[in-house]
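# An overview of the molecular structure
This is what each chain is made of:
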Amino acid sequence: MSAIPVRWLTVFLDFPAGSFGAGMAFWREVTGSTLSPFRGAAGEFATLLPPSGDPYLRVQRVAGGSGGHHLDLHVDPALASVEQAAERAVALGAKVLHRELGLVISASPGGFTFCLVRWHGEGTVPGPVRLDGAGASRADELCLDIPAGTFERERSFWTALTGWQGQDGARSAQPVRLELRRAGPDDRVTGHLAFACADREWLAARHAAAGARILAVLPHETEMADPADRFYRLTDDSAAGR
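Residues numbered from 1 in each chain as written. Predicted model: local features only at pLDDT ≥ 70, side-chain atom pairs only at ≥ 80, totals over all residues. Heavy atoms only, no water.

All right, on to the pairing of strand β13 (residues 213-217) then. As paired strands, β13 and strand β14 (residues 221-225) are joined by four bridges and run antiparallel to one another. Across the sheet, residue Ile214 finds its bridge partner in β14, namely Met224. Counting the residues that bridge the hairpin from β13 to β14 gives three residues. (Pairing = 2+ DSSP bridges. Helix = DSSP H or I, 4+ residues; strand = E, 2+ residues; numbered from the N terminus.)

So, about the pairing of strand β5 (residues 68-75). Side-chain direction in a regular strand flips from residue to residue, so the side chains alternate between the two faces of the sheet. Along β5, seven of the eight residues are buried, which leaves the element largely enclosed by surrounding structure. Two elements, strand β1 (residues 6-16) and β5, share eight bridges in a ladder whose sense is antiparallel. If you follow Val11 over to β5, its bridge partner there is Leu71. Of the strand pairs in this sheet, β5 and strand β8 (residues 113-118) are connected by five bridges, and their pairing is parallel. Across the sheet, the residue bridging to Leu73 is Leu116, located in β8. (Buried < 20%, exposed > 50% of the residue type's maximum accessible area, 1.4 Å probe, protein only.)

Tallying each qualifying case throughout the model produces zero disulfides. With no disulfide of its own, Cys143 lies 16 Å from the sulfur of Cys197, the closest cysteine sulfur. Exposure remark for Cys197: the relative accessible area of 1% places this residue in the buried category. (Disulfide = S-S within 2.5 Å.)

Okay, the nonpolar core next. In this structure, Trp27, Leu71, Leu73, Phe114, Leu116, Trp158 and Leu161 are the most contacted members of the largest nonpolar core, which totals 55 residues. Of the residues forming this core, the biggest block, six residues, is contributed by β1. The contact partners of Phe114, leaving out residues within four places of it in the chain, are Leu71, Leu73, Ala89, Ala94, Val104, Ile105, Ser106, Ala107, Ser108, Phe157, Trp158 and Leu161. (Core = buried A, V, L, I, M, F, W, Y, C linked by side-chain atoms within 4.5 Å. Contact = heavy atoms within 4.5 Å.)

This part covers the packing of aromatic side chains. For the coordinates displayed, the defined rule picks out eleven aromatic pairs. Here the aromatic rings of Phe26 and Trp27 are separated by 5.7 Å at their centres, their planes lie at 85°, and the arrangement is edge-to-face. Taken as a pair, Phe26 and Trp27 share a single burial class, namely buried. Seen from their ring centres, Trp27 and Phe195 are 5.7 Å apart, and the 20° between their planes marks the pair as stacked. Of the two residues, Trp27 is situated in helix α1 (residues 17-30) and Phe195 in strand β12 (residues 190-197); the sequence distance between them amounts to 168 residues. Taking the relative accessible area as the measure of exposure, Trp27 reaches 0% and is therefore buried. Counting every residue linked through ring pairs, the aromatic cluster contains Phe26, Trp27, Phe195 and Tyr232. Over the ring of Phe20 we find Arg61, and its NZ or CZ is 5.5 Å from the ring centre. In this structure, Arg230 packs its charged tip against the face of Phe15, placed 4.1 Å from the ring centre. (Phe/Tyr/Trp six-rings, centres within 6.5 Å; stacked < 30°, edge-to-face > 60°. Lys NZ or Arg CZ within 6 Å of the ring centre and 35° of its normal.)

Once that is clear, we can look at the sheet that holds strand β6 (residues 95-100). Strands sit in the order β2-β3-β4-β1-β5-β8-β7-β6 across an open sheet of eight strands; the sheet is mixed. The open sheet has two free edges, formed respectively by β2 (34-35) and β6, since each of these has just one partner strand. Pairing between β2 and strand β3 (residues 45-49): two bridges, direction antiparallel. If you follow Thr34 over to β3, its bridge partner there is Leu49.

Laid out in structure tokens, this is it:
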């Protein structure tokens, strides 16, 4: 096996218990989603169900730490098992954190958590939403913020694992783009989401009304923080996330 056969991506927004309710409500509102029933041994996670297409965002209450993001890679069972995909990830430098039937939780060489799970046929990318009937937007990018000293190692890992390079055709079938960028001197890889939007100024104000804070307005993007102080961005895109 070279690259693992990834057919879908799911982004988890992980919240400490104290901010889970507010964080979940905010992301449900700004993505125009409804909420699935809670699942897990302690009812700790749920899926954000988009108005159309297959879901790709989930929220989870975590027992410890400050939360953040992690990523599920959905493996095509016709081409490889979850266990085979995990073996490939380890050979490329990943560390296995937990195993159970149909699930392997791992960390990239730079410490970003990802899960390998079985693909169940997801394939319809949701369209953008129009909050209050105004400009279209969609959360369409997960950016990995990588310390400069480990950037090349991390980039090599994700390229070899997924087979994706640049803006190639394989990525167009995914609900989010996986982008890598050099970050500050942090000692591990973190991640953040970005919304493509048709009217960035309006959307920033709308998100602020839902509980977010505007951190900085830049020429082509606006930096934001959600009610749990989670960093994310709004980016200019007339297609609003395809």
